[in-house]
Amino acid sequence: MPTIFTPPQVDPRRKPDRSGEPGDGDHGSGRRPPIDKRTGGNDNGDGDENWNDRPVGSRGPRERIDQYRIGLGFSLSAILMFFIGLVTVFIVTKSNYHFDPHFQYINSWRPTPVPHIVWLSTAVLLLSSVAAEFARRSMFRESEAMDEWIGLGRPLSRRAGLWLSGALALGIAFLAGQADAWQQLAARPAYLRANTSSKFFYIFTVVHAIHLLLGLGALVVALVGLRNSRRLTTRQVLVDTTVWYWHAMGALWLCLFILLEFFQ
Amino acid sequence: MPSSLAAAIVDVFWQLPADAAAHGPALDRHLLLNLWIALALLALAHVLVIVGLAKRRRHTPPRRQVLIEFLPLAALALLFAFLATRAEALWQAARYTGPDRAALQIEVTGMQFAWYFRYPGPDATFGSTKPEFVSPGEGNPVGLDPTDPHSADDFVSSQLVLPAGREVDLRLHSQDVIHGFSVPEMRLKQNAVPGQDIHIHFTPTTPGDYAILCTQLCGLGHYRMTATLRILPEAAFEAWLSQHAKPEAQ
Amino acid sequence: MKHRTLGFAYLALSTLALLAGVTISLLMRLHLTWPDWVPMGRGPILPEEYLGAVTLHGTLMLFFVLTVAPLWGFGNLILPAQIGSRRMAFPTLNAAAFWILAASLTILCASPFVAGGTAISGWTAYPPLSAVAAAGPGQALGMDLWLASIGLFSLATCMAAVNMLTTIVCLRCDGMDWHRLPLTVWGWFTAALLSLPSFAVLLAALLLLFCDRHLGTNFFLPATLVVNGIVMHSPADGSPLLWLHLFWFFGHPEVYIAILPGMGLVSMVLANFARRRVFAYRVMIAVTVLIGGIGILVWGHHMFVAGLSPFAGSAFAISSMSIAVPASAEVLSWIATVWGSGITVGKARLTTSMLFALGFVSLFITGGLTGPILAQPILDQYLHNTFFVVAHFHLIMAMAGVFGLYLATYYWFPLIANRNLNERLGKIHFWLTIFFAYSTFLPMHITGLAGEPRHYAQFTGIAGPAGKLLAATMPLQRHITLSAIFLALAQIPFFLNLWLALRSSNTSVPNPWDATTMEWAPNAMSEDPTAPEPTTHTGPCEYALNGKTFHPQWQSVTQPNQAE
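Draft legend 1. Looking closely at the interface of chain B and chain C. Listed by partner, the interface residues are 87 residues for chain B and 98 residues for chain C. Counting the surface lost from both chain B and chain C, the interface buries some 8000 Å², and carbon and sulfur atoms represent 71% of this. In this assembly, chain B and chain C are joined by zero salt bridges. Run the count over chain B and chain C and you get 18 residue pairs in polar contact (both at pLDDT 80 or more). Put simply, the parts of the chain that give the side of chain B that touches chain C at least two residues each are α1 (2-13), α2 (24-54), α3 (64-96), β7 (188-192), β9 (208-214) and β10 (227-232) of chain B.

As structure tokens, this is what we get:
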């Protein structure tokens, strides 16, 4: 797992005096070993328990990026539930039926064949995820992170910027593929109008495309931030959050694609 | 105002509307049981809160916590389970199985804003309907298809007339929006959903005139989408049927 | 925008919605009781106007008052301080959510003024009534505006929920472990956690309804419809029942979102003024989360007679009954918390806040006990969509939920406004409100048992046995309307109290209630990011057994208890 570089900078106002305590205390990495919460830990009698297993007063980059990741996680769960709602409607509608006046069971679902270009654009999206992941990992390479954090050039950001641009380009290519697929379907309007499954195709792809567009916007913001933001940690957060969102949209597309291709 | 309130309570509370269906008394008994239990729990809880506030004891031994919380909770859970089981038995009786084979079949169609009731006539078969033929103004509110031979003896009434003591199977349809078919005095309620064919069955017992209401918001005329249910003794019902039977020749 | 400003902004928005909603409800009651009554300056209230009022009332109250005020209003004001943080996780997201919410309310309030008027399909918007513009007045542009408004609301709620959840997970101060979190925070946490899946599914449903209305799809429309003489064919089948499933999957957790923060606050306030620990604290945490969890599984009890298979009905009956168990556990805990507190001996602690907390308990019990009745399908077969249901949810949502809001105001006013609310006015407000609340909503059970249906624009002037049945409860309806008017008037002491307090120059003392939770710590509400972060040392509600001293959460364990 790539490490988060945490500069050894702790606010002196908040750091308690630990010189008299047993053991090594802070091992120099800014962290203390986990403490058994049930026995009250190593309460020194000054009421200074460390129940959350964090250096006291620390709200460093680790916590900051965790915040954004957790926030993104909650947002993604909402987006996931949204798509689960749509997929549920899909599954239920597939099996809708009615009885005609002669009491025949009629199920009028006809699958919409997915245009072949969508296979290609799916592959493109997966590739863009790979590129994005390279960008993300390069932001945390510890050997060069120190240089960048101090201000000696921007090796990480430059590399990440290249990979992100690649992901952006591939993302745009994906959307172009989707647009082409829509045009192909639109060329058969009578078939479309008669067919609920095509409505679902549009709904899934359009809604996903809107979310992906937001992802493209985030990529652009990340690229701009790589250029303009002054703190390494902020750039790390920007890229990390964007790329995880991008991966989620890619995974979501994969599921939707499998649904549309094989389960209509 | 106080006297009208008291009169209203006496009039209405101690007497649910007339109960004229076979499954009604059991439902009413269960409902009243629930209401009394709710009232008792309500009173008990309030008494406990008020008394508890007034008392001065401050120390509770830990083992008492089980008694205080978990025993009452277990008792309440058992109570709810008991009520649910009893209700489930009644629900199963009403809904799980279909109607008797000899049940009288009637199709109920709801539309904005009226109920129409179609009787299948002597051939005991409903004719087919087509939405294109729907024309309430011309006397064909359900859209009977004139080309279907079975439609000839179907007749549509705006009153639901039923014989006492015979099970009836209602087929609920809706033409436009969701309507709620409700007969409070038969303790009956079921939504009519467009595109669905929903069956409910019951046995009316007491002759009389009863209210049919719409209980699912269906538009601006929702409040006046009412109809009358007339329960007639068997002989009177046969007379009514023959009165409405269409002549064989069209 | 700082979270404190946002909190006030959300509360202001909710208050506007509340005033509008109450006015609309009074208009509805007046029209029901006296259908020929003509409001000043215009003609009599038409049925579609009445139904538009029904829609607005439900939408305003449920969405803009009961979801916004407890969760985003008081949550923004108090949550950070209560967990020992000086900020929320994503202030920009928080602010964006507010502005989207404000836009949502504006759009909703614009709907009475457009061609066709407000939507008439209620806050539940069942299709095909809500999907077909020809199905009624207001179902064209009015319905579109409603869709837009609620769609934006859902988006804003998800954004605000992400902010609140991340704050609770990440920004708790040192020592604020999960089991030391006040139950209020657990209430907010569970409610926000519920918001995400429920509003997301609502958004999906709204999107599909929009497609049905404007893009020629028919997810919720069957193959053939005859609306207003127009035959509408579509080649494929849809089902209105699908909307009901999606909507109520949202709709039921929504009501738990509305009530859970209040329940948590009541636990803490009862403990505060009874000077007792909350009985079985960890059980209460589990119960709060359990209510939220089971709340996702019970949505079918709104659909027992809607066309569900009876087997599904039984399944939902079981899950709905089972939610009575954790709810009863909460009530038992409240009773046990106040038991033996001797509060009436030391009268000073029966403050207005305590009274409202007790009022919440009372209304929660009364409203809640009719829940198991409605959860039994065979009884619902009689009581569905009657005034019995209206009584049930008004007692538990409108009254208990609003009591939670009043409780929050009275309890936290010294903290957020640095002024004291007048106790005497507060007590007058309490006693009047609870008396007229019961006076208004208890008789509704009786009218419901008599078979009186919901959403009827009038009960008089209808022919036949139906008319007789409907008109039979008019005396009670008159009483309910008069009582409702008095209930509304009884809120005047509250606003008077607010105004007087804000105008006065007497500031309040710090921690006037001798509370133990973190928001009462010195400088807890300060938003200065350079101020030292607080630390939590103990759990909440550390009160000595003799009731004479207490140990606040922010105080080190080595320091002595504070005297009261």
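From this point on, the discussion continues.
Draft legend 2. How the structure looks around the sheet that holds strand β3 (residues 155-157) of chain B. Residue and element names in this part refer to chain B. As summarised here, the arrangement of the five strands in space is β3-β2-β1-β5-β8, forming an open sheet in which the pairing is mixed. Of all strands in the sheet, those with a lone pairing partner are β3 and β8 (198-202), marking the two edges. Put simply, the sheet's adjacent strands are angled 30° from each other on average, direction ignored. Both strand β1 (residues 104-111) and strand β2 (residues 114-119) contribute to a ladder of five bridges, which runs antiparallel. Its bridge partner being in β2, M111 is matched across the sheet by A114. Along the sheet, helix α4 (residues 234-244) contacts β1, β2 and β3; its crossing angle with β3, the most-contacted strand, is approximately 120°.

Draft legend 3. Up close: the packing of helix α1 (residues 61-94) of chain A against helix α6 (residues 183-214) of chain C. Between α1 of chain A and α6 of chain C, the least distance of the axes is 8 Å, while the angle of their chain directions is 40°. Relative to α6 of chain C, the element α1 of chain A lies oblique. In the crossing of α1 of chain A with α6 of chain C, the sense of the turn from one axis to the other is right-handed. Contacts between α1 of chain A and α6 of chain C pair F74, S77, A78, M81, F82, G85, L86 and V89 of chain A from the former with L193, L196, P197, A200, V201, L203, A204, L207 and L208 of chain C from the latter. Among the residues making up the contact of α1 of chain A with α6 of chain C, the classes are represented as 15 nonpolar, two polar and no charged.

Draft legend 4. Quick look at empty space enclosed by the protein. All names here are of chain C. All told, the structure shown has 10 cavities of 30 Å³ or more when counted by the stated rule. Taken together, 14 residues make up the lining of the second largest cavity; nearest its centre are P70, P261, G262, L265 and G404. Among the elements of the structure, α3 (68-82), α6, α7 (240-274) and α13 (387-416) are those that each provide at least two residues to the lining of the second largest cavity.

Draft legend 5. Fine view of the pairing of strand β2 (residues 230-233) of chain C. Sheet topology places strand β1 (residues 224-227) of chain C next to β2 of chain C; four bridges connect them, and they run antiparallel. Each bridged residue has a counterpart across the sheet, and for V226 of chain C the counterpart in β2 of chain C is V231 of chain C.

Draft legend 6. A look at the domain arrangement of chain B. Residues and elements named next belong to chain B. Per the domain assignment, the segments of chain B are domain 1 (17-96) and domain 2 (104-249). One C-alpha centre belongs to domain 1, the other to domain 2, and the line joining them spans 39 Å. Counting residues at the interface gives 12 residues for domain 1 and 14 residues for domain 2. For the pair domain 1 and domain 2, the summed buried surface comes to about 1000 Å²; carbon and sulfur atoms form 47% of the total. Notably, a salt bridge pairs D28 with R187, separated by 2.6 Å at the nearest N-O pair. At the boundary of domain 1 and domain 2, one finds 11 residue pairs in polar contact (both at pLDDT 80 or more). Mapped onto the side of domain 1 that touches domain 2, the elements with two or more residues apiece are α2 and α3.

Draft legend 7. Up close: helix α4 (residues 91-110) of chain C. Residue and element names in this part refer to chain C. Between the first and last C-alpha of α4 there are 29 Å, a value that for 20 residues agrees with the 28 Å anticipated at 1.5 Å per step. Within α4 the residues assigned to the buried category are N94, A95, A97, F98, L101, A102, S104, L105 and L108. Check the buried side of α4 and you find it contacts α1 (3-33), α2 (47-65), α3 and α5 (141-170).

Draft legend 8. Geometry of the packing of helix α3 (residues 142-150) of chain A against helix α4 (residues 155-186) of chain A. Residue and element names in this part refer to chain A. Here α3 crosses α4 at 110°, and the two axes come no closer than 7 Å. Considering the angle they form, α3 stands roughly perpendicular to α4. Facing E144, A145 and E148 of α3, the residues of α4 in contact are P155, L156, S157 and R159.

Draft legend 9. Main features of the interface of chain C and chain A. Chain C puts 46 residues into the contact, and the matching count from chain A is 41 residues. Here chain C meets chain A over a buried area of about 3500 Å², counting both sides, of which 62% is carbon and sulfur. By the criterion of area lost to chain A, the three top residues of chain C are D174, F219 and D237 of chain C, representing 17% of everything that side buries. If you look at where chain C meets chain A, you find zero salt bridges. Linking chain C with chain A are three residue pairs in polar contact (both at pLDDT 80 or more), by the criterion used here. Those elements that place two or more of their residues in the side of chain C that touches chain A are α5, α6 and α7 of chain C. For the side of chain C that touches chain A, the element with the most residues is α6 of chain C, which contributes 10 residues.

Draft legend 10. A look at the packing of aromatic side chains. For the coordinates displayed, the defined rule picks out 63 aromatic pairs over all chains. With a centroid separation of 5.4 Å and 75° between ring planes, the pair formed by F174 of chain A and W253 of chain A is classed as edge-to-face. Of this pair, F174 of chain A sits in helix α4 while W253 of chain A sits in helix α7 (residues 232-262); the two residues are 79 residues apart in sequence, bridging distant segments of the chain. Judged by its relative accessible area of 1%, W253 of chain A falls in the buried class. What links up through ring pairs into an aromatic cluster is the set F63, F64, W123, F153, F199, F220, W243, F247, W248 and F250 of chain C.

Draft legend 11. Structural context of the environment of G143 of chain B. Residue and element names in this part refer to chain B. For G143, the location among the structural elements is in the loop between β2 and β3. With 10 residues separating them along the chain, G143 and F133 place their C-alpha atoms 4.3 Å apart. In contact with G143, other than residues within four places in its own chain, are S128, T129, K130, F133 and V134.

Draft legend 12. Main features of the environment of S267 of chain C. Residues and elements named next belong to chain C. Tracing the backbone through its elements, the reader meets S267 in helix α7. Residues S267 and A357, spaced 90 residues apart in sequence, show a C-alpha to C-alpha distance of 8.2 Å. With near-sequence residues (within four places) excluded, S267 lies in contact with L183, V278, M284, E330 and W334. Here the side chain of S267 touches W334 through a polar contact of 2.8 Å, side chain to side chain.

Draft legend 13. Representation of the pattern of salt bridges. Residues and elements named next belong to chain B. Scanning all chains against the criterion turns up 16 salt bridges over all chains. Of the charged contacts, one joins R118 and E107 as a salt bridge, the two residues approaching to 2.9 Å between their closest N and O atoms. Taken as a pair, R118 in strand β2 and E107 in strand β1 lie far apart in primary sequence, 11 residues in all. Relative accessible area serves as the criterion here: at 1%, R118 is assigned to the buried category. Classification of E107 by relative accessible area gives buried; the value is 2%. A salt bridge links E107 to R171; its shortest N-O distance comes to 3.1 Å. Pair noted here: E107 is in strand β1 and R171 is in strand β5 (residues 168-174), with a separation of 64 residues, a long-range link.

Thresholds, definitions, all that
- Residues numbered from 1 in each chain as written.
- Chains lettered and ligands numbered in written order.
- Predicted model: local features only at pLDDT ≥ 70, side-chain atom pairs only at ≥ 80, totals over all residues.
- Heavy atoms only, no water.
- Contact = heavy atoms within 4.5 Å.
- Buried area = accessible area lost by both parts, 1.4 Å probe.
- Salt bridge = Lys/Arg side-chain N within 4 Å of Asp/Glu carboxyl O.
- Polar contact = N/O pair within 3.5 Å; in protein donor to acceptor, adjacent residues only side chain to side chain.
- Helix = DSSP H or I, 4+ residues; strand = E, 2+ residues; numbered from the N terminus.
- Pairing = 2+ DSSP bridges.
- Axes fitted to C-alpha atoms, helices over the stretch in contact; angles between N-to-C directions.
- Parallel < 35°, antiparallel > 145°, perpendicular 65-115°, else oblique.
- Left-handed = near helix turned anticlockwise from the far one by under 90°.
- Nonpolar A, V, L, I, M, F, W, Y, C, P; charged D, E, K, R; others polar.
- 1 Å grid on protein atoms, 1.4 Å probe; cavity = no way out; pocket = protein on both sides within 12 Å on 5 of 7 lines; lining within 4 Å.
- Points joined across faces, edges and corners; volume = space filled by probe spheres on them.
- Domains from an automatic or database assignment.
- Expected span 1.5 Å × (residues − 1).
- Buried < 20%, exposed > 50% of the residue type's maximum accessible area, 1.4 Å probe, protein only.
- Phe/Tyr/Trp six-rings, centres within 6.5 Å; stacked < 30°, edge-to-face > 60°.

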